[in-house]
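Spelled out, the chains give:
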Amino acid sequence: MSKKSVLITSLMLFSMFFGAGNLIFPPMLGLSAGTNYLPAILGFLATSVLLPVLAIIAVVLSGENVKDMASRGGKIFGLVFPIAAYLSIGAFYALPRTGAVSYSTAVGVDNALYSGLFNFVFFAVALALSWNPNGIADKLGKWLTPALLTLIVVLVVLSVAKLDGTPGEPSSAYAQQPAGAGLLEGYMTMDAIAALAFGIVVISAFKYQKVNKVRTATVVSAFIAGILLALVYLGLGSIGQVVNGEFADGTAILNYAALSTMGQAGRIMFVAILILACMTTAVGLISATSEFFNSLLPGVKYHVWATVFALISFGVATMGLDTVLAVAAPVISFIYPSAITLVFLSLIEPLLFRLKWTYLLGIWTAVVSALFMSVPILNPFIEWAPLHSMSLGWVVPVLVASVIGLAIDWNKKGAQSVAEKESISV
């Protein structure tokens, strides 16, 4: 493996993960968790860093993309889940969110014309940068990511050095179960689903660079990107620990920190950080979704898909951030349980043997549980489940179903071994 190729691709992967939500969640966590910051940030890192890294590894173990993984859940799931995942982190949510968040921070004026002009330019640039999928690693890894990291480091160092706030009492969410609250906050970054999509971009980048050990290189890149994400989250979270006062969200905290430490130049730098973070994620999402749908329907070229997704995202983003969130929230909550189940089963299987019923029962239990949790009229039927109050009511049913499936697979494996021995003896 080329160390340079691995490093550049790791920076590319980091930048694709690191979007607007990843920028603004940690400072708010740092402020809200107060004196319970350590367990809260550890919970956040578990689902915003460790889980996405494991998802990338799961993709590598299963094949080359999320479709290879999802096929273990049967033909229907193998087709529907990848499409739903790519659309949710693509043109129907995460992709238009990058433009909407950039506009609300940089301009902040409730004007449809201004929003349309801004988002048109934003997605035109994103489309241009993603036009050649083989050059994504160079564009993001060599140029945009180093610029983004440099600006973040400057903001974190100046904030910690100059601001003299102290951690206060934890808010209600972080008072009793800080680790659980942090875990849920990281859960909402959606990076576990994004990782399933980004796997195809990383693998393609290494193939284009003619790296021989593609799987090993992808795993190493995932770990390096994860370490960078963790360090940046810790730095951004520390800003929330050194500010005092009431803030509506992480954007307000970072804006205050930038203004307090660098004046108007700091405000400009903060806007640059956020737009860069959103742009790198937008480029990664356009590339990933377009490559996937091109592999699904080879008759429609990559550039056609990229243009279509950029145009849809432009239209959705122009309608505003609230519209984006309202449309996507139900879809996200529905597919997340099956995505996490798929990741962990893909990681466990190499340690055991070829599984069938473990996948089928585990995944479809996740789908049904998510359906019951997402539909208000069905929600009461799953309120009995442990962790339901934390939106994790699907976990225990999935564990039980997976264990039952594992018992069936184990029994079938034993019966097959006995049959083979009898055949040999005869």
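Further up the page is the structure itself.
Residues numbered from 1 in each chain as written. Predicted model: local features only at pLDDT ≥ 70, side-chain atom pairs only at ≥ 80, totals over all residues. Heavy atoms only, no water.

Asks: Now, about the overall build of the chain: what can you tell me, with residues and values included?
Replies: Assigned secondary structure in the chain consists of 18 helices and 0 strands. In terms of overall size, the chain behaves like a compact globule, its C-alpha atoms giving a radius of gyration of 22 Å where 426 residues would be expected to give roughly 22 Å. Looking at the chain residue by residue over its 426 residues, the buried ones come to 53%. Restricting to contacts in the chain with at least 6 residues of sequence separation, those with at least 24 account for 80%. Carbon and sulfur atoms form 69% of the exposed surface of the chain, whose accessible area is close to 18,400 Å². With 20 positive and 17 negative side-chain charges, the chain shows a spacing of 16 Å between the two charge centroids. (Helix = DSSP H or I, 4+ residues; strand = E, 2+ residues; numbered from the N terminus. Rg over C-alpha atoms; globule rule 2.2 N^0.38 Å. Buried < 20%, exposed > 50% of the residue type's maximum accessible area, 1.4 Å probe, protein only. Contact = heavy atoms within 4.5 Å. Areas by Shrake-Rupley, 256 points an atom, 1.4 Å probe, with all protein chains shown as cover. Lys, Arg positive; Asp, Glu negative; His and termini not counted. Charge placed at Lys NZ, Arg CZ, Asp CG, Glu CD.)

Asks: Lay out the pattern of salt bridges with the relevant residues and their values.
Replies: On inspection of all chains with the given rule, the structure shows 1 salt bridge. The partner of glutamate 349 in a salt bridge is arginine 72, and the shortest N-O contact between them spans 2.8 Å. Pair noted here: glutamate 349 is in the loop between helix H16 (321-348) and helix H17 (357-374) and arginine 72 is in the loop between helix H4 (66-70) and helix H5 (75-88), with a separation of 277 residues, a long-range link. For the residue pair glutamate 349 and arginine 72, the accessibility class agrees, reading buried in each case. (Salt bridge = Lys/Arg side-chain N within 4 Å of Asp/Glu carboxyl O.)

Asks: I'd love a proper account of empty space enclosed by the protein, names of residues and values included.
Replies: Per the counting criterion, the structure on display carries 1 cavity of 30 Å³ or more. Of the voids in this model, the largest cavity is the one considered here, and its volume is about 120 Å³. The wall of the largest cavity is formed by 16 residues, among which Ala94, Arg97, Thr189, Asp191 and Thr281 lie closest to the centre. For the lining of the largest cavity, the residue count by class is 9 nonpolar, 5 polar and 2 charged. (1 Å grid on protein atoms, 1.4 Å probe; cavity = no way out; pocket = protein on both sides within 12 Å on 5 of 7 lines; lining within 4 Å. Points joined across faces, edges and corners; volume = space filled by probe spheres on them. Nonpolar A, V, L, I, M, F, W, Y, C, P; charged D, E, K, R; others polar.)

Asks: I'd like a rundown of the packing of helix H12 (residues 214-241) against helix H13 (residues 250-262), residues and numbers included.
Replies: The geometry of H12 relative to H13 is characterised by a closest axis approach of 10 Å and an angle of 80° between their N-to-C directions. When the axes of H12 and H13 are compared, the pair comes out roughly perpendicular. Contact residues: Leu236, Ile239 and Gly240 in H12; Ile253, Leu254 and Ala257 in H13. Across the contact of H12 with H13, the residue classes tally to 5 nonpolar, 1 polar and no charged. (Axes fitted to C-alpha atoms, helices over the stretch in contact; angles between N-to-C directions. Parallel < 35°, antiparallel > 145°, perpendicular 65-115°, else oblique.)

Asks: Kindly report on the side chain of threonine 358, identifying the contributing residues and their values.
Replies: Along the polypeptide, threonine 358 turns up in helix H17. Residue classification places threonine 358 among the buried positions, given a relative accessible area of 4%. Engagement of the side chain of threonine 358 in a polar contact is seen with the backbone oxygen of glycine 405, the distance being 3.4 Å. From its side chain, threonine 358 meets the backbone nitrogen of leucine 406 in a polar contact 3.1 Å long. When neighbours within four sequence positions are excluded, threonine 358 is seen to be in contact with Leu345, Ser402, Gly405, Leu406 and Asp409. (Polar contact = N/O pair within 3.5 Å; in protein donor to acceptor, adjacent residues only side chain to side chain.)

Asks: Can you lay out the layout of surface pockets for me, pointing to particular residues and giving the numbers?
Replies: What the largest pocket holds in volume is close to 540 Å³. Contributions of two or more residues to the lining of the largest pocket are made by helix H3 (37-62), helix H10 (178-187), H16 and helix H18 (395-425). The dominant element in the lining of the largest pocket, judged by the number of residues it contributes, is H18, at 6 residues. Across the lining of the largest pocket, the residue classes tally to 21 nonpolar, 4 polar and no charged.

Asks: Any details on the nonpolar core? Residues and values, ideally.
Replies: Counting residues in hydrophobic clusters, the biggest one holds 132 residues, and the most contacted among them are Phe18 and Phe81. At 15 residues, helix H14 (residues 264-296) tops the list of elements feeding residues into this core. Apart from the residues within four sequence positions on either side, phenylalanine 18 is in contact with Leu23, Leu148, Ile152, Leu229, Val232, Tyr233, Leu236, Ala277, Thr280 and Thr281. (Core = buried A, V, L, I, M, F, W, Y, C linked by side-chain atoms within 4.5 Å.)

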